[in-house]
Amino acid sequence: MSEPIFVTRPFLPPLADYVALLEQIWENRILTNGGPFHQSLERRLATYLDAAQVSLTTNGALALEIAIDACDLSGEVITTPYSFVATTHSVKRGQLKPVFVDISPDDFNIDPATIERAITPSTSAIVAVHCYGNPCAVDEIEKIANKYDLRVIYDAAHAFGVRLNGRSVFEWGDLSTISFHATKSYNTFEGGAIVSPTTRFKKQVEIIKNFGIASEVEIPLVGTNAKMSELNAAMGHLQLDHYESIRTLRRTVDERYRRSLANIAGIHVPDIPNGVSSNHSYFPILVTPDFTVGRDALYDRLKAEGIMSRKYFFPLLSNLPMYKGIESASQENLPVANKIVNEVLCLPIYPGLSDHDIDRVVDVIAKAGDSY
Ligand code: T4K
């Protein structure tokens, strides 16, 4: 059998380039706690992402927990059920009540039309996800947030480098969080960041990510340890050097899939929304009822051929044992999310995925659909 094809593979820069940076770390013996690579990467990313604040963290999950903490929220938080589990868990770990609203079938993000009727006097924020890197309806969300005086936090784990109508997606929201996990389009092995268009929350974020310590003699907050190490920050520099070529390689894969899948009945490939400069971090398709077999059967067929697609984001968060009892988690409240989660399949996409391998994936899908 041919080599397995994974849903993703991390880009790695030439090893010699990383070794050169490791030599500098060995030389100066600063390994963490805001060392020189950490500081310079924050500055470079702030420029690249058009952000006033970039605070690096150990991962995207802690970035989100800290962002929620820094905004000093209370009561209820309106959020999406259609995401990786870290999103709702961060709300819950912040001692807040998640209130689920439905998603749009076009971009799989929170449907802004559902937000307003979910707002109560206890609502303090909206935690939305730019799912698969597609920007949320940011202007509409901003209007609602301003009207009801709510904070907006974007879980932008998937949205590194994404732009909307020429503007960085990180220009919206009070705070956004990113994941630099190995599976993301920009990776530092593990890592993440809290990003903001203002510096309003910067001090708070920096203190929380350093155990709550403000100075040698002041510990004003209950914090955690989410500092990025110099090893990760050094990798971040090299990844940034290569990011635009990584994006181009991903786009090539995306375009070949789109051309090849266009004529397979029952397979729906969502468009990249107008005005979006994508990072092509995921390639979701919907296996609709018009396809010959169901989503799970297609997943199994691909797997039998060594192709590891993923059902991101099944199971739906509102159906998990710890959340399904919440009133807003009912299936009647979330019809679109409950439908999409049973149709979605993310196909392998990463820089360097060959035309031959893309064609192998498409071939299995075409044969499953009996469309030859
Ligand atoms: N918010 C959202 C919306 C998120 O999607 C995530 C993370 C977070 C927050 C939290 O951010 P972090 O705390 O993780 O920074 C993965 C990732 O672990 C997770 O980061 C990601 N989202 C989620 C969507 O996917 P798995 O369980 O799919 O990973 P895994 O280990 O099965 O990897 C998938 C494939 O990638 C493997 O089959 C092979 C390949 N791979 C993976 C790793 C780790 C490699 O080739 N090399 C590697 O080192 O969760």
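Everything here concerns the structure above.
Since the model is a prediction, treat every value here as computed from it, not as a measurement.

Considerations on the site of the ligand
- Around the ligand, a shell composed of 25 residues is seen, among which Arg-9, Asp-155, His-158, Ser-179 and Tyr-312 lie nearest.
- Note that an oxygen atom of the ligand is positioned 2.9 Å from one of the backbone N or O atoms of Ala-61.
- Ser-179 places a side-chain nitrogen or oxygen 2.7 Å from an oxygen atom of the ligand.
- Look at the ligand: alone it shows 920 Å² of surface, and the protein chains cover 76% of it.
- Comparing atom positions with the cavity grids shows the ligand to sit within the largest pocket.
- For the shell around the ligand, the secondary structure elements donating two or more residues are helix 3 (60-70) and helix 4 (86-93).
- Residue classes in the shell around the ligand are distributed as 11 nonpolar, 10 polar and four charged.

With respect to the packing of aromatic side chains
- Applying the stated criterion across every chain yields a total of 18 aromatic pairs.
- Between Tyr-82 and Tyr-132 the ring centres are 6.2 Å apart and the planes differ by 80°, which places this aromatic pair in the edge-to-face class. You can see Tyr-82 sitting in the loop between strand 2 (76-79) and helix 4 and its partner Tyr-132 sitting in the loop between strand 4 (123-129) and helix 6 (138-148), a full 50 residues away along the chain. Exposure class is identical for Tyr-82 and Tyr-132. Each is buried.
- Measuring from ring centre to ring centre gives 5.8 Å for Tyr-282 and Tyr-312, while their planes differ by 90°; the resulting arrangement is edge-to-face. Of this pair, Tyr-282 sits in the loop between strand 11 (276-277) and strand 12 (283-287) while Tyr-312 sits in the loop between helix 9 (295-304) and helix 10 (335-340); the two residues are 30 residues apart in sequence, bridging distant segments of the chain. The exposure classification of Tyr-282 matches that of Tyr-312, with both residues buried.
- Taken together, the aromatic side chains of Tyr-82, Phe-108, Tyr-132, Tyr-282, Tyr-312 and Phe-313 make up a single cluster linked through ring pairs.

Observations regarding the sheet that holds strand 13 (residues 344-347)
- Ordered in space as 10-12-13, the three strands form an open sheet in which the pairing is antiparallel. Each edge of the open sheet is held by one strand with a lone partner, namely strand 10 (267-268) and strand 13.
- Strand direction decides the pairing type here: strand 12 and strand 13, joined by four bridges, are antiparallel. The partner of Leu-286 across the bridge, within strand 13, is Val-344.
- Contacts from helix 9 reach strand 10, strand 12 and strand 13 within the one sheet, and its direction differs from that of strand 13 by about 25°.

Details of the layout of surface pockets
- Quantified by volume, the largest pocket comes out at close to 380 Å³.
- Around the largest pocket, the lining is made up of 23 residues, and of these Phe-84, Ala-157, Ser-179, His-181 and Lys-184 lie nearest the centre.
- Taken together, the elements giving at least two residues each to the lining of the largest pocket come down to helix 3, helix 4 and strand 8 (175-179).
- Element by element, the count of residues in the lining of the largest pocket is highest for helix 3, at three residues.
- Here the lining of the largest pocket is composed, by residue class, of 10 nonpolar, nine polar and four charged.
- Its volume calculated, the second largest pocket comes out at about 330 Å³.
- Forming the walls of the second largest pocket are 15 residues, and the residues nearest its centre are Gly-34, His-38, Glu-42, Glu-206 and Lys-209.
- If you list the elements that add at least two residues to the lining of the second largest pocket, you get helix 2 (36-48), strand 1 (53-57) and helix 7 (202-208).
- The biggest single contributor to the lining of the second largest pocket is helix 2, with five residues.
- Of the residues in the lining of the second largest pocket, the class split is three nonpolar, six polar and six charged.

So, the pairing of strand 9 (residues 192-196)
- Burial within strand 9 is extensive, with five of its five residues counted as buried.
- Burial of the side chains of strand 9 extends over both faces: Gly-192, Ile-194 and Ser-196 are buried on one face and Ala-193 and Val-195 on the other.
- Here five bridges tie strand 1 to strand 9, and the two strands are oriented antiparallel to one another. Bridging from a neighbouring strand, Val-54 pairs with Val-195 of strand 9.
- In the sheet, strand 8 pairs with strand 9 via four bridges, with the strands oriented antiparallel. Of the residues in strand 9, the one forming a bridge with Thr-177 is Ile-194.

Some words on the environment of Tyr-350
- Counting through the fold element by element, Tyr-350 comes out in the loop between strand 13 and helix 11 (355-368).
- Tyr-350 gets classed as buried once you look at its relative accessible area, which sits at 10%.
- In sequence terms Tyr-350 and Leu-249 are 101 residues apart; their C-alpha atoms lie 7.7 Å from each other.
- For Tyr-350, the residues in contact, after removing those within four places along its chain, are Ile-5, Phe-6, Val-7, Thr-8, Arg-9, Arg-250 and Val-253.

Criteria and cut-off values
- Within every chain, residues take consecutive numbers counted from 1 along the sequence as written.
- Predicted model: local features are reported for residues with pLDDT of at least 70 only, side-chain atom pairs are reported and counted for 80 or more only, and whole-chain, interface and lining totals are derived from all residues.
- Water and hydrogen atoms were dropped before computing side-chain values, which therefore reflect all heavy atoms in the structure.
- If a single non-hydrogen atom of a residue is within 4 Å of a molecule or strand, that residue counts as near it.
- In protein, a polar contact requires one atom able to donate a hydrogen and another able to accept it; more generally it is a pair of N or O atoms within 3.5 Å, and residues adjacent in sequence count only if both atoms are side-chain atoms.
- Method for areas: the Shrake-Rupley scheme with a 1.4 Å probe, in which residue coverage is limited to the protein chains shown.
- Any residue with an atom within 4 Å of a point lines the site, the site being either a cavity, points on a 1 Å grid over the protein atoms alone where a 1.4 Å probe fits but cannot get out, or a pocket, an open set with protein on both sides within 12 Å along at least 5 of 7 lines.
- For this analysis, a molecule is said to be in a pocket or cavity if more than half of its atoms are within 2 Å of the grid points defining it.
- Note on conventions: DSSP H or I runs of at least 4 residues are helices, E runs of at least 2 residues are strands, and numbering of each starts at the N terminus.
- In this classification, Asp, Glu, Lys and Arg are treated as charged, Ala, Val, Leu, Ile, Met, Phe, Trp, Tyr, Cys and Pro as nonpolar, and every other residue, Gly included, as polar.
- Only Phe, Tyr and Trp rings take part, Trp by its six-membered ring, and two of them pair if their centres are within 6.5 Å. Stacked means planes under 30 degrees apart, edge-to-face means over 60, and tilted covers everything else.
- Buried residues are those whose accessible area, probed at 1.4 Å on protein chains only, stays under 20% of the maximum for their type, while exposed residues exceed 50% and partly exposed ones sit between those limits.
- When DSSP locates at least two bridges between a pair of strands, those strands are taken to pair.
- Note on contacts: a residue pair is in contact if any heavy atoms of the two residues lie within 4.5 Å.
- Axis geometry follows a simple rule: fit a line to the C-alpha atoms, using only the stretch in contact for helices, then measure angles between N-to-C directions, giving values from 0 to 180 degrees.
- Grid points are joined across faces, edges and corners, and a volume is the space filled by probe spheres set on the points.

Shape is all these values report; function is a separate question.
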